[in-house]
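This is what each chain is made of:
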Amino acid sequence: MRQVLSVTSECAPLVKTGGLADVAGALPGAMEGEGWHLRTLLPAYPAVLEKTGKGKIAHKWNDLFGHPATLRKVAYNGLDLLLLDAPHFYNRPGNIYLGPDGKDWPDNPERFAALSWAAAEIATGIVPDWRPDLLHCHDWQAALAPQYLRQAGQNCPSLMTIHNIAFHGLAPAERLGALKLPSEHFTSEGFEFWSYISALKAGLVSATALSTVSPTYAEELTSPEFGMGLEGVIASRKGDLSGILNGIDLTVWSPKTDPNIAPFTGPGGKARNKKKLRQAFGLPEADGPLTVVVSRLTEQKGLDLLLAALPTLLAEGGQLALLGSGDPGLEYAFRQASEAPDIAVKIGYDEPLSHLMFAGGDAVLVPSRFEPCGLTQLYALRYGAIPVVARTGGLADTVIDANNAAIRAGVATGITFSPTTAEALETAIRRLCGFYRAPDLWTKLQKRTMQHPVGWDASAREYAALYSRITG
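Residues numbered from 1 in each chain as written. Predicted model: local features only at pLDDT ≥ 70, side-chain atom pairs only at ≥ 80, totals over all residues. Heavy atoms only, no water.

**Q** Please clarify how the packing of aromatic side chains should be interpreted in this entry.
**A** Ring pairs (aromatic) are described by centroid distance and by the angle formed between their planes. A full pass over the atoms with the stated rule returns 16 aromatic pairs. Consider the rings of Trp253 and Tyr383, whose centres lie 6.0 Å apart with planes at 90°: the pair is edge-to-face. Here the residue Trp253 occupies a position in the loop between β12 (241-243) and α10 (270-281), and Tyr383 occupies one in the loop between α14 (376-382) and β17 (386-390), the gap between them amounting to 130 residues. Judged by its relative accessible area of 4%, Trp253 is buried. (Phe/Tyr/Trp six-rings, centres within 6.5 Å; stacked < 30°, edge-to-face > 60°. Helix = DSSP H or I, 4+ residues; strand = E, 2+ residues; numbered from the N terminus. Buried < 20%, exposed > 50% of the residue type's maximum accessible area, 1.4 Å probe, protein only.)

**Q** Quick question: what am I supposed to make of the packing of helix α1 (residues 19-32) against helix α19 (residues 457-471) here?
**A** What describes two packed helices is the angle between their axes and the distance between those same axes. Between α1 and α19, whose axes approach to 9 Å, the crossing angle comes to 80°. Judged by the angle between their axes, α1 and α19 are roughly perpendicular. Contacts from Leu27, Ala30 and Met31 of α1 reach α19 at Ala460, Tyr463, Ala464 and Tyr467. (Axes fitted to C-alpha atoms, helices over the stretch in contact; angles between N-to-C directions. Parallel < 35°, antiparallel > 145°, perpendicular 65-115°, else oblique. Contact = heavy atoms within 4.5 Å.)

**Q** Can you walk me through the sheet that holds strand β10 (residues 196-198) in this structure?
**A** Pairing between sheet strands relies on hydrogen bonds along the backbone, with the strands arranged either parallel or antiparallel. Pairing is antiparallel across the open sheet formed by 3 strands, whose spatial order is β8-β10-β9. In this open sheet, the two strands that pair with only one neighbour each are β8 (170-172) and β9 (192-193). Where β8 and β10 come together, 3 bridges link them in antiparallel fashion. Counterpart to Pro172 in the pairing with β10 is Tyr196. Against the sheet, helix α6 (residues 199-206) engages β9 and β10, with an angle of about 55° to β10. (Pairing = 2+ DSSP bridges.)

**Q** Mind showing me how you'd approach the nonpolar core here?
**A** Proteins that are soluble and globular tend to have nonpolar side chains buried together. Counting residues in each nonpolar core, the largest one holds 75 residues, and the members touching the most others are Leu5, Leu41, Leu84, Leu135 and Leu204. If you tally residues by element for this core, the top one is helix α4 (residues 108-123), at 9 residues. Core analysis: the second largest hydrophobic core is formed by 36 residues, Leu310, Leu313, Val388 and Ala406 among them. (Core = buried A, V, L, I, M, F, W, Y, C linked by side-chain atoms within 4.5 Å.)

**Q** Sorry, what's going on with the side chain of Asn246 here?
**A** Relative to the assigned elements, Asn246 resides in the loop between β12 and α10. Residue classification places Asn246 among the buried positions, given a relative accessible area of 8%. Non-local contacts of Asn246, meaning those with residues more than four positions away in its chain, are made with Val23, Val213, Cys373, Leu375, Leu378, Trp456 and Ser459.

**Q** Help me understand the sheet that holds strand β18 (residues 415-417), please; the structure alone is not making it clear to me.
**A** The strand order across the open sheet built from 6 strands is β15-β14-β13-β16-β17-β18, with neighbouring strands paired in parallel fashion. Looking along the sheet, the strands with just one partner apiece sit at the ends: β15 (343-347) and β18. Averaged over all neighbouring strand pairs, the angle between strand axes comes to 15°, with direction disregarded. Direction of pairing for strand β14 (residues 319-326) relative to β15: parallel, over a ladder of 5 bridges. Pairing of Ala321 across the sheet is with Ala344, part of β15.

**Q** Help me out: how do you make sense of the state of the cysteines in this one?
**A** One covalent bond between the sulfur atoms of two cysteine residues makes up a disulfide. All chains considered together, the criterion is met by 0 disulfides. Note on Cys156: no disulfide assigned, nearest cysteine sulfur contributed by Cys137 at a separation of 8.9 Å. Under the relative-accessibility criterion, Cys156 is labelled buried at 12%. (Disulfide = S-S within 2.5 Å.)

**Q** Sorry if this is basic, but what is going on with the environment of Arg131 here?
**A** Topologically, Arg131 is positioned in the loop between α4 and β6 (134-138). On the basis of relative accessibility, which here comes to 47%, the residue Arg131 falls in the partly exposed class. As for Arg131 and Phe370, which are separated by 239 residues in sequence, their C-alpha atoms are 37 Å apart. Excluding residues that lie within four positions of it along the chain, Arg131 makes contacts with Gln3, Ala123, Thr124, Gly125 and Gln154. A distance of 3.3 Å separates a polar side-chain atom of Arg131 from the backbone oxygen of Ala123. Polar contacts involving the side chain of Arg131 include one to the main-chain carbonyl oxygen of Thr124, which spans 3.3 Å. (Polar contact = N/O pair within 3.5 Å; in protein donor to acceptor, adjacent residues only side chain to side chain.)

Structure (structure tokens):
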């Protein structure tokens, strides 16, 4: 069994703010069957230690970015974990990235540089009787690890996975010393980005290979529209870049066994969950489809477009149940919209309720302006909720539009639309409601969505092949 150190800032079911956690939590189990054992390095946040306990001490630092720290080895829920116990960085309440004011912690660059430093040292063999064959780094929070290996002259192969290029991990140049970074690499060919230090760019230029979470997003990242200023760096390494779709954990997301819902095995079983969902949101019966949104409320997710399209949804007899939080302006706008009897909004996040929403919803709306992979549409497919998605990134790679040819061939799984505008979304909503008014077609669509493969099997094989190429 070959060994991988997977480095991440969040990991389900221990700590989660988004899809990165779901991927980091599911990938180890998926790769075990492919002959790769993943040990996950994660900060020891209070919520994590509360669940796992302190485990065994694997290493101690007298000075890790200014303070003592301990590396703890624990097992939890099938995960093999190394927890970086650095209270000065991670013993903080609330969101793992944000302070009580809702803004990034000012020392986030140092907090996650410490995680990357620890990863680089683990890759060189500081844990007794264990040394990884490969370092797998996820997003900017782990992206300095390949740079630190490079500085130390170490040659452990590394993979840098981009889950969302919108977040670079920027820091001002005067923190080079604090982040233990050499000034000679603070160049346009190194980790300099418009006079700032970019942790993500450091990973992109230093790692052995790069990957992202869908084939279409891999192509999009080389363009100015989606590359967020790093398109040139990525284009220069296109030969080292792979796009591998995310999967979902089929044991956690199972309509047959999910403890959060009334279990079902086919479209007909969704009715009980739809009733429970309407009760949970205080929605009346309606003639049109019950659409749901489970999302961060941001412009990236296209939810301002949904606000503009709501009159069309209501005119077609549809309803909306929304669960999410984010931009205060969007939160306020959706609260205002919920004064309509067929729109209900819950601000915040509730994992069990999200499962009920996929199980009870007729359709899931994902009008993202860009979406590296997206997991929401995969949950929708699994639970027989028709995904209505923008044709971008992983959404384009996972949803087959219900055009006439796809319907006749029996392969349609949802509705895709382009360009990403309110008008195109309105057209997609009208198509959705038209399908809903054709019960036989609607049932066929639901059956097809539930048959669509959304697990990790195919993706795990691709990762295994990539791991093998990187490690030679």
